[in-house]
Amino acid sequence: MEKIPFGKPHISGNELAYLQQVLDSASLSGDGAFTRKCQAWLESQLGTPKAMLTHSCTAALEMAAILSGVGPGDEVIMPSFTFVSTANAFVLRGATPVFVDIEPHSLNIDPNEIRAAITPRTRAVVVVHYAGHPCDMDAIQALCQQHGLLLIEDAAQAILTEYKGRKLGTIGDMGCLSFHETKNVISGEGGALLVNNPAFFDRADVIWQKGTNRKAFFEGLVDKYTWVDVGSSFLPGELIAAFLYAQLEKAEQITQVRRGHWALYHQLLLPLARAGYIELAEPLPASAENAHIFHVMLCDAAQRNSLLQYLGQRAVSAVFHYIPLHSAPAGRQFGRAQGDLPHTDRVASSLLRLPLFPDMSASQVHYVCSQISQFFQCKHDPAPHSS
């Protein structure tokens, strides 16, 4: 059996042609024709008033942190169960991440935990749509409006997922997307900041242009451009944008293929879940989610690690994540946890992600599931999973 990778970059068809167009144009730096095409696609397809390509989702989060205006003494509430960039962006501004627990089934930030963590120093809430599954945005928006807090969506995994008819990343004041190689739509490295609050439009342009009023200059609003604010080199080059545009053209098709794999996994593993050996995510709704991750929950870390090793020996690459930020050395140094985070700790120790990528075959999904079934059959006295 040829090894089944955890992920594999998908080529949608027009990447080479678009890269050649950029090379023929002899203009490789950012903010060119393909950058504008990508931004226009994001604005029209997602329904955001302003999309800005970045070289990573990390960069988009850092732009959002600058725009939020947070600094030393301010607090930003976020889940501990997320990638380090979610917290780093605000730590770099001098703010303190306040880590709160997740809901045990959605694996997303718990609105009740947000409410308990709000203090006079709280300035923003950052939600993370884990696996492309939407957070409870109605409840979280209501909390933010009640307390005058900014709402920022880390939608790195969530492109094209909908929440009550709205695309994730377009609901908060700002949203951040990732086009990293591991995501549904890719450009190797890459990201985008979705600016949904018009109050941030003008400053976002300045920050994106390294802190200069370059955009105003090219629009004829000033006679020269100069340094007017903080900023950095956040935009990607045109080769990245060209590759990304080819992917965006096929984003819906890519999502549908992933949904098919996700549904097959769920169907094949449901007997194990019903028998109590594993826990599965709820079935995807008809058309709202993007099937970014398929994961199973095991009893504990020992069983998870045992299955991970078992699959690895049988040519299946599976992975786990995250090390919770509240328990990481830098998390303890730069942030604080709001009480105990039992659901975060449990999920981090028992979650296993299975291979899922567009070019995966149905036979590969069947093979992975058969190996998981055999793992439990090999146990003399398997302990059922307890929720």
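Everything that follows concerns the structure shown earlier in this document.
How each quantity is defined
Residues numbered from 1 in each chain as written. Predicted model: local features only at pLDDT ≥ 70, side-chain atom pairs only at ≥ 80, totals over all residues. Heavy atoms only, no water. Helix = DSSP H or I, 4+ residues; strand = E, 2+ residues; numbered from the N terminus. Buried < 20%, exposed > 50% of the residue type's maximum accessible area, 1.4 Å probe, protein only. Pairing = 2+ DSSP bridges. Contact = heavy atoms within 4.5 Å. Axes fitted to C-alpha atoms, helices over the stretch in contact; angles between N-to-C directions. Right-handed = clockwise from strand over helix to strand, strands pointing away. Phe/Tyr/Trp six-rings, centres within 6.5 Å; stacked < 30°, edge-to-face > 60°. Lys NZ or Arg CZ within 6 Å of the ring centre and 35° of its normal. Core = buried A, V, L, I, M, F, W, Y, C linked by side-chain atoms within 4.5 Å. Polar contact = N/O pair within 3.5 Å; in protein donor to acceptor, adjacent residues only side chain to side chain. Expected span 1.5 Å × (residues − 1).

Enquirer: What exactly am I supposed to notice about unusual backbone geometry here?
Expert: The omega torsion of the bond from His321 to Tyr322 falls at -15 degrees, within 30 degrees of zero and hence cis. Take Tyr322: it is sitting in the loop between α11 (301–312) and α12 (329–334). Of note in this structure, Ala26 is not a glycine but carries a positive phi near 60 degrees. Judged by relative accessible area, which is 70%, Ala26 ranks as exposed. One non-glycine residue with positive phi stands out, namely Lys210, at about 65 degrees. In this fold, Lys210 is placed in the loop between α7 (201–208) and α8 (214–218).

Enquirer: Is there a simple way to think about the pairing of strand β8 (residues 174–178) in this case?
Expert: For a regular strand, the rule is simple: side chains alternate between the two faces of the sheet. In terms of burial, β8 is a largely internal element, five of the five residues being buried. As judged from the three bridges shared by strand β5 (residues 150–154) and β8, these two strands associate in the parallel manner. Bridging across to β8, Asp154 finds its partner in Cys176. Bridge count for β8 against strand β9 (residues 191–195) is five bridges, and the pairing is antiparallel. Residue pairing for β9: Ser178 is matched across the bridge by Gly191.

Enquirer: How should I be thinking about the sheet that holds β5 in this particular structure?
Expert: Consider a sheet: its strands pair through backbone hydrogen bonds, and that pairing is either parallel or antiparallel. Reading across from one edge, β1-β9-β8-β5-β4-β2-β3-β12 is the order of the eight strands in this open sheet, with mixed pairing throughout. Single-partner strands in this sheet number two, and they are β1 (51–54) and β12 (336–337). Along the sheet, helix α3 (residues 57–68) makes contact with β1, β5, β8 and β9, crossing β8 at roughly 165 degrees. Each of β2 (75–79), β3 (96–100), β4 (122–128) and β5 is contacted by helix α4 (residues 84–91), which is oriented at about 175 degrees to β2, the strand it contacts most.

Enquirer: I tried to follow the pairing of β5 on my own but got confused; where do I start?
Expert: The element β5 is extensively covered by neighbouring structure, given that five of its five residues are classed as buried. Note that β4 and β5 share five bridges and pair parallel. Within β5, the position partnered with Val126 by the bridge is Ile152. This β-α-β element, β4 to helix α6 (residues 137–147) to β5, shows right-handed connectivity.

Enquirer: What exactly am I supposed to notice about the sheet that holds strand β11 (residues 295–297) here?
Expert: Reading across from one edge, β10-β11-β13 is the order of the three strands in this open sheet, with antiparallel pairing throughout. Bordering the open sheet on either side are β10 (279–280) and β13 (351–353), each of which pairs with just one other strand.

Enquirer: Explain the packing of aromatic side chains here, please?
Expert: How two aromatic rings sit relative to each other is set out by the distance from centre to centre and by the angle between their planes. In total, this model carries 13 aromatic pairs according to the counting rule given. The interplanar angle of 70 degrees and the centroid separation of 5.3 Å between the aromatic rings of Phe217 and Phe218 together place this pair among those described as edge-to-face. Members of the aromatic cluster, each reached through a chain of ring pairs, are Tyr277, Tyr310, Phe375 and Phe376. Residue placement shows Lys37 over the ring face of Phe34; its charged tip is 4.8 Å from the ring centre. Against the face of Phe320 rests Arg304, its NZ or CZ located 4.1 Å from the ring centre.

Enquirer: Would you mind showing me how to read the nonpolar core here?
Expert: Side chains of nonpolar character tend, in soluble globular proteins, to be buried together. Grouped together as the largest cluster of nonpolar side chains are 44 residues, with contacts concentrated most on Leu42, Ile77, Val125, Ile140, Leu177, Phe179 and Leu248. With six residues, helix α9 (residues 238–249) is the single largest residue contributor to this core. Once residues within four sequence positions are removed from consideration, Val125 is found in contact with Ile77, Ile114, Ile140, Cys144, Leu149, Leu150, Leu151 and Ile152. Within the second largest apolar cluster, 35 residues are counted, among which are Val76, Ala89, Ile152 and Leu235.

Enquirer: Just to check I follow, could you spell out the side chain of Thr48 for this structure?
Expert: For Thr48, the position within the fold is in the loop between α2 (33–46) and β1. Since its relative accessible area comes to 4%, Thr48 is described here as buried. A polar atom in the side chain of Thr48 sits 2.7 Å from the side chain of Asn196.

Enquirer: I'm lost on the environment of Val91 in this one. Help?
Expert: Following the sequence through the fold, Val91 ends up in helix α4. Residues Val91 and Ala328, 237 residues apart in the sequence, show an inter-C-alpha distance of 14 Å. Beyond its immediate chain neighbours, meaning those up to four positions away, Val91 contacts Pro97 and Phe334.

Enquirer: Explain α9 here, please?
Expert: Since the α-helix turns once every 3.6 residues, residues separated by three or four places project in the same direction. For α9, spanning twelve residues, the distance from its first C-alpha to its last is 16 Å, which sits close to the expected 16 Å at 1.5 Å a residue. Those residues of α9 that fall on the buried side of the exposure criterion are Glu238, Ala241, Ala242, Phe243, Leu244, Tyr245, Ala246, Gln247 and Leu248. Residues of α9 that are buried make contact with α1 (15–25), α2, β1 and α10 (251–274).

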